[in-house]
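# Notes for the structure review
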Amino acid sequence: MTPVHDDVPVTVYSGMLWEAELVKAMLLDAEIYAFLSDKIFGGVMPPIYSATDTGQVKVKVSSRDIERAQAVVAEFVKNRETE
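To keep things clear, this report deals only with the structure shown in the data block. One numbering rule holds for all chains: residues counted from 1, following each sequence as written. The predicted origin of the model limits local features to residues at a pLDDT of at least 70 and limits the giving and counting of side-chain atom pairs to 80 or more, whereas totals for whole chains, interfaces and linings rest on all residues. Side-chain metrics rest on all non-hydrogen atoms present in the structure, leaving aside hydrogens and water.

### Description of the nonpolar core
Judged by nonpolar contacts, the single largest core of 15 residues is most densely connected at Val12, Val23, Leu27, Val59 and Val61. Only β1 (9-15), α1 (17-29), β2 (34-37), β3 (57-62) and α3 (66-81) provide two or more residues apiece to this core. Counting residues per element, this core draws most heavily on α3, which supplies 4 residues. Setting aside anything within four residues of it in sequence, one finds Val61 in contact with Val8, Pro9, Val10, Val12, Leu27, Ile32, Tyr33, Ala34 and Ala69. Residues enter a nonpolar core if they are buried and are Ala, Val, Leu, Ile, Met, Phe, Trp, Tyr or Cys, with the set joined through side-chain atoms within 4.5 Å. Only protein chains enter the accessibility calculation, which uses a 1.4 Å probe; a residue whose area is less than 20% of its type maximum is buried, one above 50% is exposed, and one in between is partly exposed. Only DSSP runs of H or I with at least four residues qualify as helices, and only runs of E with at least two residues qualify as strands; both kinds are numbered from the N terminus onward. Contacts are residue-level and defined by heavy atoms, with any inter-residue pair within 4.5 Å sufficient.

### Considerations on the environment of Thr11
Position of Thr11 among the secondary structure elements: in strand β1. In this structure Thr11 comes out as partly exposed when scored by relative accessible area, which is 40%. Taking the C-alpha atoms as reference points, Thr11 and Phe35, 24 residues apart in sequence, are found 9.6 Å from one another. Here a polar contact is recorded for every N or O atom pair within 3.5 Å, except that within protein the pair must consist of a potential hydrogen donor and a potential acceptor, and residues adjacent in sequence are included only if both atoms are side-chain atoms. At 3.4 Å, the side chain of Thr11 and the side chain of Lys60 are in polar contact.

### Things to note about unusual backbone geometry
Phi is positive for Glu31, close to 60 degrees, though the residue is something other than glycine. For Glu31, the location among the structural elements is in the loop between α1 and β2.

### Some words on the packing of α1 against α3
Remark: α1 packs on α3, axes separated minimally by 10 Å, with the N-to-C direction vectors making an angle of 130 degrees. Here α3 runs oblique to α1, going by the angle between their axes. Once α1 is placed against α3, the crossing between them reads as right-handed. For the pair α1 and α3, contact is made by Trp18, Glu19, Leu22, Val23, Met26 and Leu27 and by Ala69, Val72, Val73, Glu75, Phe76 and Arg80, respectively. Gly falls in the polar group here, along with every residue not listed as nonpolar (Ala, Val, Leu, Ile, Met, Phe, Trp, Tyr, Cys, Pro) or charged (Asp, Glu, Lys, Arg). For the contact of α1 with α3, the class distribution of residues is 9 nonpolar, no polar and 3 charged. Here the axes come from fitting lines to C-alpha atoms, over the contacting stretch only for helices, and the angles between their N-to-C directions go from 0 to 180 degrees. Relative orientations are named as follows: roughly parallel for angles under 35 degrees, roughly antiparallel for angles over 145 degrees, roughly perpendicular for angles from 65 to 115 degrees, and oblique for any other angle. Working rule for handedness: look at the near helix, and if it is turned counterclockwise from the far one by less than a right angle, call the crossing left-handed; if clockwise, right-handed.

Okay, structure coming up:
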């Protein structure tokens with residue numbers, strides 16, 4: 001029987017490397033562990049693939065922290081839109 005894991009990494013944000021780093025820092029400040037995936041590829045070629053999710057850096061958190069993480073990401077997006 002396969003064990004059931006309710007703690008899996010989920011993507012809460014994807015964007016350019018500098019944006020992903022800022023979101024990650026905000027999550028860590030909120031005491032939510034976060035990490036980046038696709039960092040090398042996304043950091044090298046983001047303008048080429050900006051119309052799709054391919055080539056973007058993804059910020060991931062534990063599925064247990066998804067609701068708190070989404071609130072932090074929403075704050076980041078809101079602040080970016082007001083600039």
